[in-house]
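In case you want the letters, here they are:
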Amino acid sequence: MECVFGLVGNGFAIVAADTSAVHSILLHKNNEDKIMVLDSHKLVAASGEPGDRVQFTEYVQKNVSLYKFRNGIPLTTAAAANFTRGELATALRKNPYSVNILMAGYDNESGASLYYIDYIATLHKVDKGAFGYGSYFSLSTMDRHYRSDMSVEEAIELVDKCILEIRSRLVVAPPNFVIKIVDKDGARDYAWRQSVQDVTTAAV
């Protein structure tokens, strides 16, 4: 029931994810950030079993940081994606992770890029991608409206169209989404799209 999607524009990449923490029929919280800042110029948006998602993305983040400390230079986005794919492939034959990943990054030489990595260690460089039930609607919307030369404003408008389509048509649609962007200025939060606020229950 998770919704994670992303796209590459003119000099930037954007990823969006729902913020619902769900177990069975229970919604535990509405502000779970499923997009991790891997380093200064990389983002990882993940979906899957909550334990696997958190543990594996943190594992990748720490190993990317370790490589930079040991070698003095950061991994490129392609190298980080291939490392992630290798770890998933190794685990697949031992204790597999149920996690799907969209990795977005910006490199000075190659610009912005987006990598699709699924739970069986398939790796593809893509212009747009999605995971979860929301992908049925976000992929078709992006197929119709996506252009490789989109500006940030146009890309955000397209992301909002995808979110609106998911909310309108998916029977178990998550109410809230987080949007993050990576470009030459680094990886950062862009916006939250909230239709439901977390309610704090007063102690009785």
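Bear in mind that the values here come from a model prediction, so they are computed numbers and not experimental data.

Caption draft 1: Representation of a nonpolar patch on the surface in the model. On the surface, Met-1, Val-22, Leu-27, Tyr-133, Tyr-136, Val-171 and Val-172 cluster together into a nonpolar patch covering about 730 Å² of accessible area. Mapped onto the secondary structure, Tyr-133 falls in the loop between strand E10 (128-132) and helix H3 (135-145).

Caption draft 2: Inspection of the layout of surface pockets at higher detail. Space inside the largest pocket adds up to approximately 570 Å³. Along its surface, the largest pocket is lined by 25 residues, and Met-1, Glu-2, Ser-20, Val-22 and His-23 are the ones closest to its centre. In terms of residue class, the lining of the largest pocket is built from 12 nonpolar, 7 polar and 6 charged. In this structure, the second largest pocket spans a volume of roughly 260 Å³.

Caption draft 3: Structural view of the side chain of Lys-34. Structurally, Lys-34 can be placed in the loop between strand E4 (26-29) and strand E5 (35-39). Here Lys-34 is in contact with Glu-2, Ala-17, Asp-18, Ser-20, Val-44, Ala-45, Ala-46 and Arg-53, once residues within four sequence places are set aside.

Caption draft 4: Looking closely at the packing of aromatic side chains. Overall, the coordinates contain 4 aromatic pairs when judged by the stated rule. On the numbers, 4.7 Å between centres and 45° between planes, the contact of Phe-56 with Tyr-97 is tilted. Of this pair, Phe-56 sits in helix H1 (residues 50-71) while Tyr-97 sits in the loop between helix H2 (77-92) and strand E7 (99-107); the two residues are 41 residues apart in sequence, bridging distant segments of the chain. Ring geometry for Tyr-133 versus Tyr-136: centroids 6.5 Å apart, planes at 25°, classification stacked. On the basis of relative accessibility, which here comes to 44%, the residue Tyr-133 falls in the partly exposed class. One aromatic cluster is present, formed by Phe-56, Tyr-59 and Tyr-97 through successive ring pairs.

Criteria and cut-off values
Residues numbered from 1 in each chain as written. Predicted model: local features only at pLDDT ≥ 70, side-chain atom pairs only at ≥ 80, totals over all residues. Heavy atoms only, no water. Patch = residues over 30% accessible without salt bridge, like charges linked within 9 Å, V, L, I, M, F, W, Y side chains within 5 Å. Areas by Shrake-Rupley, 256 points an atom, 1.4 Å probe, with all protein chains shown as cover. Salt bridge = Lys/Arg side-chain N within 4 Å of Asp/Glu carboxyl O. Helix = DSSP H or I, 4+ residues; strand = E, 2+ residues; numbered from the N terminus. 1 Å grid on protein atoms, 1.4 Å probe; cavity = no way out; pocket = protein on both sides within 12 Å on 5 of 7 lines; lining within 4 Å. Points joined across faces, edges and corners; volume = space filled by probe spheres on them. Nonpolar A, V, L, I, M, F, W, Y, C, P; charged D, E, K, R; others polar. Contact = heavy atoms within 4.5 Å. Phe/Tyr/Trp six-rings, centres within 6.5 Å; stacked < 30°, edge-to-face > 60°. Buried < 20%, exposed > 50% of the residue type's maximum accessible area, 1.4 Å probe, protein only.

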